[in-house]
Every structure is written in C-alpha cells, then in structure tokens.
Amino acid sequence: MRHSYARKIASGVVITSLVVTSSMTSFAKELETEIPSVGSSVLIDEYLENNGTEDDLVSILPAEQTYVATKEGEETQNDNKTKEDALFNDIAITSVAGGEEDYVNVRKKPNADAKRVGKIFNNCGATIKETTADGWYKVVSGNCVGYIKAEFFVTGSEAKSIALDNGYVIADIKDALHVREKANKDSDVVTNVYANERYTVKKFDSTGQWIKIKIGDGVSGWISADYADVSVSMETAMTNKEIKEEQRRIREAEEAARRAEEEARAAEEAERQAQEEARQNTGDTEYNNPSNNNNTYNDSDDDNDSSSSNNNGNSGGTRNSGGGSSQKQNYGDNGSGGASDVVSYAKQFLGNPYVYGGSSLTSGTDCSGFVMSVYAHFGYSLNRVSAEQSKNGRSVSLSELQPGDLLFYNYDGSRISHVAMYIGGGQIIHASTEETGIIISGMGSPCCARRIVG
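Attention here is on the structure that accompanies the text. Just so we're clear, the structure is a prediction, and the values are computed from it rather than from any experiment.

### So, unusual backbone geometry
One non-glycine residue, Asn123, lies in the positive phi region at around 65°. Along the chain, the position of Asn123 falls in the loop between strand E5 (116–121) and strand E6 (125–131). The class of Asn123 is buried, set by a relative accessible area of 17%.

Okay, here's the thing in structure tokens:
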C-alpha cells in the first residue's frame, strides 16, 4: 500500500529539491528535475528492488499536502493568501451616517468618557491596530491615532466590497503594459496603459495576480498586479488641531471671497461706466453686444451673488449658472463645454498648487476657485465660495451623478466648506490642501450635488 502511495506522489508532482542521506544520493539526483510519470514509476521499482525500502522512499518524497497541481501543472501553496486579502486585512471603513451628525469621536482611551483626540466621518478609512475585549478598535486614520467602538466600522469582505464599488481602490501603473480582455496573458489586448497613470480597480481575480481596472466609460480590462502599486485611497480622520485649522481656513476663505466679490463688483461697475462714457462720446449704441467685448456679465442686478470678474480670455456671452427664479438660467451643452470636455480640461491641472483664496489654475487656487475657473473657461459663471456655489446649477441626486457634477461637503456638520468635481467611477478632482494641491481621490461622503451642464 505504501509502495502505491509513493508511486502516486512521484507521478503527480515536480520535485524541486530533496535532502537525502549519502546512500540515496544517486537516486535523488535522478529525481531532481521534472520527470514523465512513467519514468518515475520505473525508477521507483528499480530503487525498491536494489537499493532500499519503502520507508526510505517515502522519507525523501515531498509530503502530499504540500503542493496542489493546477490545470496547467503549476503548483501553488494551499495557505497562500491573495494580494486582495492582504490589501484589506486590517482596513476598516466607517459607517456612521446619521444626518448632519455623520461622524464619530476618536478617543484617547477605549472609553466613551475619554478625551477626544479627533473626529472621523462616514465612509472614511482606517487601519486597525488593536481590538479590545470590550469591543473597541485602536485605529490609525491619517494623523489621528485613537480608539473607536467597533460597531461604527465595517471590515473584511464588506469593507472590500464598499471600497471596490465606490472606487477607493487605486492602481498606480509602474510600466507600459497591455490591458487584456481576460485575466491571462494569452487573452486579447483591449488597450495599453503607461507608467505613472492612475486607474480605479474594479475587481481582483481569484489568485490576486490580476486586477481589473476601469480605463474610461464602458472600457475596462485586466492587467498583471505585478506592474501596478495597488492601494486604498480614502478620506481619513481629522485631529483636533486639524479641525481647528480647517475651521480657521474656512473663515478666512469666506472673508477673502467676500472681499474678492466686492472688488469684482466695483471693477465691473467702473468698467460699465467707462463703456457708457465711451458710448456717449462715440455714439456707439452697440457697446453691450457680446460679440464686441470679452468681459463676463451677469443678467441680474448688482445684488447677484455670482462674481463677474472671471473672463479667462473667453469671447462671446456668458452662460450664467446662478440659482434663483428671478434669473434667466441657461443650461446644457450649447457648443463646446460638455461635461466630458469640462472634466478633461480640469485634469490638465492635476498637481498644481493649492493657494488659499486663489483662483489661478496654474499658480494656485482653493477648492471653490478651482471649479469656478474651470467652468469659467467654458463660459459658465459660478459664485465664488463653495456655500454659494451649492446654489448654482440644479440639484441632482447622489445616486444619479454624472461627470462634471459638483459635490459639496459639510465637514463640520453644518455649513458647506468644500467643493469638488465628480469625474466618474466614484472619484473626484479637487483643490484639496496645501500639502497635496489639485488631486484625484475617492468621493467620500458629499452632502449634496449640483449639475451645471445638462
């Protein structure tokens, strides 16, 4: 019976290395490389007849459970974890939705009365470092380290599904390579991707060696995971210091925006007066024809909240995206400036600096200045600050987002303080912070959305 077992092992596997006694050296040397199964059986019979016992033979053959042969004859270890499992092993995603109070406090100790060290909002990511006996996680999220009740998190397969479904899993391409229709190297090539490009990961294959990435609308395919750095990119918790800094930044941004609007209105009024004087002097009654000037004007009176100083070198009239029933609104893709064009234009400025109070797409802008200047390029006039921009365009459900929509965030639970542009696949482009500048990231948890085009 052991003779049959030994023959079965030798016939079905590739023996890569053996450690044997000196009396077995010759036989072991013959088995070191891949051998057809019939040859293995002959060698075994000869060895048992002339050299040794079945006990000796079994001791030099690999254990049956060590390897499993695949259809292609390749071996994989039974306990091998896929890259997918390793990526999400300690990842947790917050689930704290509850109206305006969509956050939970991070505590210094695993106790509800312990000092608060920060806040973490809904759909933010954290790494679990420790689990206490009474149901608390010690987590690291951004710069914040502390304890949160485990009930406020989803983990494991549920966290994995949320991350993949919402576009939080990112592949940074390391080299030029083919994108294939199926998860194998013999499959048809769909397209190519190149070094330093970034794509959303939609799926891992069962081995974790291939990942499915989204290239564009309706286009996706598989690449080898060896040629991409895969990571989970999500919003994180904020420390107490970061919360105070954010509140200060918001107050200063609002004040700067108010000053900018006042200056813009004054400049607009001066320009109008100058043109009126020129018209009276020259008898030019067509001074207000849009084809004769490059300035941006609103259809409303001076009490309009929209800034009118953003000409960006555009010729022709302005498509006013201000809210309110007293204004004539002009939406839709009238000529250039469709949603896809807007998104493509916005992506040209990735990596450019964040400057508080700025609106230059090249030398520096804040979040509201970024979307305002992008849309101004296509003739749309938006308000200057994010809270007022949430009145531009028309409201759209978060379940019906389209590229080009504006997403708004109320991190402090009350007033809108950040705006970003949705680009599809659960991702946004926005002027984030002074450290990161203009980036693409997961969309997180916006409180509302507005559609400017369409």
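### Observations concerning the sheet that holds strand E22 (residues 394–395)
Neighbouring strands of a sheet are bound in pairs by backbone hydrogen bonds; such pairs are parallel or else antiparallel. With antiparallel pairing, six strands are arranged side by side in an open sheet as E22-E27-E23-E24-E25-E26. With partners counted over all chains shown, the strands left at the sheet margins are E22 and strand E26 (437–442), one partner each. Across four bridges, strand E23 (residues 406–409) lies against strand E24 (residues 418–424) in antiparallel orientation. By the bridge assignment, Tyr409 is partnered in E24 with His418. Sheet strands in contact with helix H8 (residues 339–347) are E24, strand E25 (427–433) and E26, and its direction is about 115° off that of E24.

### Quick word on the packing of H8 against helix H9 (residues 367–376)
At a closest axis distance of 10 Å, the pairing of H8 and H9 adopts a crossing angle of 125°. Regarding the angle of H8 to H9, the classification is oblique. In terms of crossing hand, the pair formed by H8 and H9 is right-handed. Contacts between H8 and H9 involve Val342, Tyr345 and Ala346 on the former and, on the latter, Phe370, Val374 and Tyr375.

### Observations concerning helix H6 (residues 156–165)
Looking only at H6, the buried set comprises Ala159, Lys160, Ala163 and Leu164. For H6, the arc enclosing every buried residue in end-on projection is 130°, short of the 170-degree limit, so these residues lie on one face. With respect to the buried face of H6, the exposed residues turned more than 90 degrees away are Ser157 and Asp165. Positive backbone phi, approximately 75°, marks Gly167, located one or two places after H6.

About the cut-offs
- Going along each chain's sequence as written, the residues are numbered from 1 onward.
- In view of the model being predicted, local features appear only for residues whose pLDDT reaches at least 70, and side-chain atom pairs are presented and counted only at 80 or more, with totals across whole chains, interfaces and linings using the full set of residues.
- Excluding hydrogens and water, the side-chain values take into account all heavy atoms of the structure.
- The way it works is that DSSP assigns letters per residue, a run of H or I at least four long becomes a helix, a run of E at least two long becomes a strand, and they are numbered from the N terminus.
- Here's how the labels work: a residue is buried when its accessible area is under 20% of the maximum for its type, exposed when over 50%, partly exposed in between, all with a 1.4 Å probe on protein chains only.
- Strands were regarded as paired on the criterion that DSSP finds at least two bridges between them.
- Whether two residues touch is decided by their heavy atoms; if any such pair falls within 4.5 Å, the residues are in contact.
- Lines fitted to the C-alpha atoms define the axes, with helices restricted to the stretch that makes contact. Angles between their N-to-C directions range from 0 to 180 degrees.
- Angles below 35 degrees are treated as roughly parallel, those above 145 as roughly antiparallel, those between 65 and 115 as roughly perpendicular, and all remaining angles as oblique.
- Each crossing gets its handedness from the near helix: less than a right angle anticlockwise from the far helix is left-handed, clockwise is right-handed.
- As used here, the arc belongs to the directions running from the helix axis to the C-beta atoms.

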